[in-house]
Amino acid sequence: MNSNLIASSATSDKIQARELTASEIEEIEHEKTLYPDKQAVGLEALKIVQKHQGWVSDESLLAISRYLDIPVSELEGVATFFNLVFRRPVGKHVMLFCDSVSCWIMGCENIRAHISQKLGIDYGETTADGEFTLLPVPCLGDCDRAPVMMVDENQHRNLTAEKVDAIIQQYRNNEPGEQGS
Amino acid sequence: MAKIVIDGVTYEVNGDNNLLQECLSKGLDLPYFCWHPCMGSVGACRQCAVKQYRDADDQKGTLVMACMTKANDGSIISIEDEEAKKFRANVIESLMISHPHDCPVCEEGGECHLQDMTLMSGHNYRRYDRKKVTHRNQYLGPFVGHEMNRCITCYRCVRFYDDYAGGTDLAAQASHHHTYFGRQSDGFLESEFSGNLVEMCPTGVFTDATFSAHYSRKWDLQTAPSVCVGCAVGCNTTPGERYGELRRIVNRYHGDVNGYFLCDRGRFGYGFVNSAERLAESQQGKGTGRRTVSEDEAVLELNRILDGGQVIGIGSPRASVEANLALLQRVGGDNFYAGVSDAEFAQLQILKQLSGESALHAPSVREIEECDAVLVLGEDVTNTAPRIALALRQSARNRADELAAAAGIPSWQDAAVRELAQRELSPVYLLSGYATRLDDIARATVVDSAPGLTQLAQALARTLDSAAPTPAATLQEEQKQLLGSIADDLKGARRPLIVCGTGSGSEALLKAAANVARALATARGGDQAVDFCCVVPEVNSVGLVLMAGETQSLGLALKKMQAGDVQAAVVLENDLFGRAPQSQVEAALAGVGQLVAIDQLPTRTTELADLVIAGTSFAEQQGTYINYEGRAQTSMQVFMNNQAARPAWKWLRKESETTLAGLLQTAETTLEGLAGITAILPVSAAAVAGMKYPRQSHRYSGRTAIQAAANVHEGKQPEDRDSIMAFSMEGMSSQRDTAVLPNTWAPRWNSNQSVSKFLDEVGGHLRQGNPGRLLFTRNGSSAGYFEPESAAVTTGDFTLIPAYQLYGSDELSARAEVVNERLTGAYVALAPHDAQQLGVAANDLVTVSADQEALDYPVCIRRSVKPGTIVAFTPAGQFPVAGAGDQVSLSKAQGSGQARFGNLIVSDLQQEGI
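Residues numbered from 1 in each chain as written. Chains lettered and ligands numbered in written order. Predicted model: local features only at pLDDT ≥ 70, side-chain atom pairs only at ≥ 80, totals over all residues.

Draft legend 1. Representation of the overall build of chain A within the structure. The helix and strand inventory of chain A stands at 8 helices and 5 strands. N-terminal to C-terminal, the α/β element order of chain A is α-α-α-α-α-β-α-α-β-β-β-β-α. When burial is assessed residue by residue, chain A has 33% of its 181 residues classed as buried. The long-range fraction of contacts in chain A, counting pairs at least 24 apart against all pairs at least 6 apart in sequence, stands at 62%. (Helix = DSSP H or I, 4+ residues; strand = E, 2+ residues; numbered from the N terminus. Buried ≥ 20, exposed ≤ 12 C-beta atoms within 10 Å, placed from the backbone. Contact = placed C-beta atoms within 7 Å.)

Draft legend 2. Geometry of the overall build of chain B. In terms of regular secondary structure, chain B is built from 26 helices and 37 strands. The globule rule puts the C-alpha radius of gyration for 914 residues at 29 Å, and the 28 Å found for chain B is close to it. Here the C-alpha coordinates of chain B stretch approximately 90 × 80 × 55 Å along the principal axes. Pairs at least 24 residues apart make up 75% of the contacts formed inside chain B by residues separated by at least 6 positions. (Rg over C-alpha atoms; globule rule 2.2 N^0.38 Å.)

Draft legend 3. Focus on the pairing of strand β12 (residues 236-242) of chain B. All names here are of chain B. The buried fraction of β12 is high, at 6 of 7 residues. Bridging between strand β10 (residues 222-223) and β12 involves 2 bridges; their strand directions are antiparallel. Bridge assignment links Q222 to a residue of β12, and that residue is E241. Note: strand β11 (residues 226-227) against β12, 2 bridges, orientation antiparallel. Along β12, the bridge assignment pairs S226 with T237. Pairing of β12 with strand β13 (residues 245-251), which is carried by 6 bridges, proceeds in the antiparallel orientation. Residue pairing in the sheet places P239 in a bridge with I249 of β13. The hairpin turn running from β12 into β13, its antiparallel successor, is 2 residues long, and Y243 in that turn takes a positive phi close to 50 degrees. (Pairing = 2+ DSSP bridges.)

Draft legend 4. Quick peek at the sheet that holds strand β21 (residues 444-447) of chain B. Residue and element names in this part refer to chain B. Here 6 strands make up an open sheet; going across it, the order is β18-β23-β22-β19-β20-β21 and the pairing parallel. Each edge of the open sheet is held by one strand with a lone partner, namely β18 (360-361) and β21. With 5 bridges connecting them, strand β22 (residues 496-501) and strand β23 (residues 530-535) associate as parallel partners. In the strand pairing of β23, L497 is matched with D531.

Draft legend 5. Representation of the domain arrangement of chain A within the structure. The domain architecture assigned to chain A consists of domain 1 (4-81) and domain 2 (93-172). In this structure, domain 1 of chain A and domain 2 of chain A have C-alpha centres spaced 30 Å apart. (Domains from an automatic or database assignment.)

Draft legend 6. Fine view of helix α18 (residues 507-523) of chain B. Taking 1.5 Å per residue as the helical rise, α18(B) with its 17 residues ought to reach 24 Å, and the 24 Å between its terminal C-alpha atoms agrees with that figure. In terms of burial, α18(B) is a largely internal element, 15 of the 17 residues being buried. (Expected span 1.5 Å × (residues − 1).)

Draft legend 7. Just the pairing of β23(B), in detail. All names here are of chain B. Burial of β23 is extensive: 6 of the 6 residues sit out of reach of the surface. Residues V530, F532 and C534 of β23 are buried on one face, and the alternating residues D531, C533 and V535, pointing to the opposite face, are buried as well. Strand direction decides the pairing type here: β18 and β23, joined by 2 bridges, are parallel. Bridge pairing links H361 to D531 in β23. For the segment spanning β22, α18 and β23, crossover handedness is right-handed. (Right-handed = clockwise from strand over helix to strand, strands pointing away.)

Draft legend 8. The arrangement of the domain arrangement of chain B in detail. Under the domain assignment, chain B is made up of domain 1 (2-95), domain 2 (283-340 + 542-680), domain 3 (347-536) and domain 4 (798-903). Of the residues that constitute the side of domain 2 of chain B that touches domain 4 of chain B, the class distribution is 4 nonpolar, 3 polar and 3 charged. (Nonpolar A, V, L, I, M, F, W, Y, C, P; charged D, E, K, R; others polar.)

Draft legend 9. The arrangement of the sheet that holds strand β27 (residues 623-626) of chain B in detail. Residue and element names in this part refer to chain B. Here we have 3 strands laid out as an open sheet, ordered β27-β28-β31, and antiparallel in their pairing. The sheet is open, and its two borders are formed by β27 and β31 (773-774), each paired with just one other strand. Here strand β28 (residues 631-635) runs beside β31; their pairing, made up of 2 bridges, is antiparallel. When the bridges of β31 are listed, R631 appears paired with L774.

Draft legend 10. Structural detail: the environment of B:Y857. Residue and element names in this part refer to chain B. As for its placement among the helices and strands, Y857 is situated in strand β35 (residues 854-861). Classification of Y857 as buried rests on a count of 25 C-beta atoms within 10 Å. Residues Y857 and A816 lie 41 residues apart in sequence; the distance between their C-alpha atoms is 23 Å.

Draft legend 11. Structural detail: unusual backbone geometry. The step from A:A146 to A:P147 runs through a cis peptide bond, and the omega angle for that step is -5 degrees. Secondary-structure assignment places A:P147 in the loop between β3 (132-137) and β4 (149-151). Even without being a glycine, B:N843 presents a positive backbone phi close to 80 degrees. You can see B:N843 is positioned in the loop between α26 (832-838) and β34 (844-849).

Draft legend 12. Just helix α16 (residues 450-464) of chain B, in detail. In this model α16(B) runs 21 Å from its N-terminal to its C-terminal C-alpha over 15 residues, within 8% of the 21 Å that 1.5 Å per residue would give. The buried fraction of α16(B) is high, at 14 of 15 residues.

Here it is as structure tokens:
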């Protein structure tokens, strides 16, 4: 499927692929062993690169496209289909704030307003110091302990304004968040 | 046959089809978006919902998607059911939520499938009053405009562009109400078939940017059934004119040739018709002495020359049969020469010889799609006959249909069939001079020069039939294995296909390809003809070779001219400098008394002519063209040239009473190859009281005022004395005869989707029969295998392979202003290793020298070029430095080239250094 090289020829004057790092390649290579062909690894490769780089830049996208021989437009289709593949830079910590029905009943909108006011950011925005990005998610599967948000890999439950302040402080101090409830 | 009941009426249907297909085939109106006869059903848009009942007692019924439901025998359905109607109205209301109210400024307005379906579904009041989703549009190149806000997310664009046409640079992005159809970033669409998006999109997301630049509504265009002159496939088109200018070209359905699709050269390459360079008037004299002459003066002068004796005529593969015939009849068959290169002439003679052989069959495009094993020998069909490349891509998918049939899945269940087949394809073997755009569907590719491919083909013929001649060379084990697989696949296929053509530039390869086809016919029992598709370069290459005598080559004509045996030469729509080496042409022109050139655009030949006659473009004349399979097709005149250009056959006819039909009738009796050609002329049997078929729609606006800026009097419509069509809104209804149908329209169906109303079944054939006629009569047995010939030995370090480009190999489209942006210039492609050895980088100039000629070419580096060969692209109008398979020498030249690699769409271009 060398036709991909055609698709990248027209974009190459705007974007230059970066070199994938050794550890990225190692992890992608591992994923390749789990699938019948390398084109199937597209999504996993995007996740691997995001894990290492924080987000997927155009340069990274093109690098994966070249490495796996997937047309760059197709890979972009995958990347943009999933809300949590970040195609724009995000802060050091990504806050996924649930605005679904249970959390809404439990007053999540007040908490969201509190976070926005405290950090000076709305949904989709990143703090000026690059620490936090706030994003809405439809559900985090913890409705009995709403309101809920996830920061990086950690779930935070039964949120209150005070609790949110403490969580933000924890991350600012580089302390890992709570694991259980 | 199955019987189904639709709204109380019983219909006989094909039970393997889906309900939507059958409803449309029966002429019923059922709205749809995502379904397409060539792409099957995915059930995405939910627009074709109908009510289906279990049995006659079932009063309630269930809603089903017609496109996803088989038309099983005994099915009872209702389109008119109130619940189904309400469902469809609700679906379209949802689809339309973010659709803008911009119909008055949208190019699709008036021929919009979405408008038609909205009206048909009864959604005529929009309740949604919130903010609409808006998108940023992309620049997609000079051909296709992008307006994403109009999208209703039916996915037809990507299903055509990616799934059907094999494109890789357009994809669906994001999800739910943000879904976006575009490229990863701005840039021209790379597919050779991108223009079909304009017709594929049910609304105005993808529009014809060349049309937008001088827009008219569909009903304001004067149109006529025409044939594309871009290559030898002969796709049927509908060109549209307004104010004396050709405004656009859209597809015209032909069940055997192009079906629903055109290539971008054919669709967007029409600008030469409107070119400011056009020869508007005839001219006499050379250099500074050249002056414009009136029509009468031109005729007198031309007749004086033609009647003066010792005149030769040089015909043209891009001129109509009639134009060539008129010239032939004026100068006599012995003085009529084929205006193509000598190498091509020799190849065309072989094709002519093969055209009578009953063991071979020249397949139509539709038949190519049905083939399930393909061998391509030395022809880059994507660049020489693009519509065939699109067909080959479909033939590779026959494997998927076989798998589906075995699993009991109907072939129209597109998503299911693709899921089942994954990457499994029918065998396609590509043996070519360089990497091609079809490589991604190939089971195996071999890249070699013509002599190398010839050896392989000879060996393959021998593998298939032990009676075939012994190949000249012995093969390596690897090659033997490959040939074994190819032979097995071809023998075992339901319908195998051999594709070759004049593109390889090699007579020997063409002969070897014919041997393969003959051997295959024998290996398969000999009772069935084998599909043998021989691609030729131009719209009427076949017509020309059927008219010119077997020895009447251009080389011979040039020799006679040079020797001073000729008083005058009449060159018809041809630039001799593109057909023979410059030195030969110059010597010939120096020897000839007078040179007459008839053409539409100035060329190096018209520059040197004593008399230049202004000819018309395809759109301004009626003419017949014979395609690669020997299919003669009539192209009707679309509009009248409003300057002094006239069709070549009119300039050349001796008697002013001679008609187009008269020319063809004479030809039929005098030229064996053209027997039966008069049968293609549209007949006006149905015409009452001399009425003709109108070229203008019944909604054509402003006819009485169209000339008001020039004259307050309402001018008379130009009269068409040559055909059964009129430059008028009045006359016979053309709806009953698709041979004179100026454009596709039916009540309630303003878009091109109305074509279903003219077909025996959707995706089938035109009800009155597909226009045109196959001229080859195959009643001869084979003359026996061609014996391999030892090639003449030439000296040099590299073997030359000629290359072709979609935008650049065709003389006329290359002169369209809009194509200029995508034009590929001359280049020589080298293997990375050879480039390194020569110390040249991309964009450097190299001098390519053969026996007597030497030319400088810019270099590009292509990874798949075979070391020791060079791939040379020479644009139309220039003559290559050497022929295919010739040995040439290369040396680095001073300076760097004006290479246009940015437009070079090849899969193996080495990026570095460009």
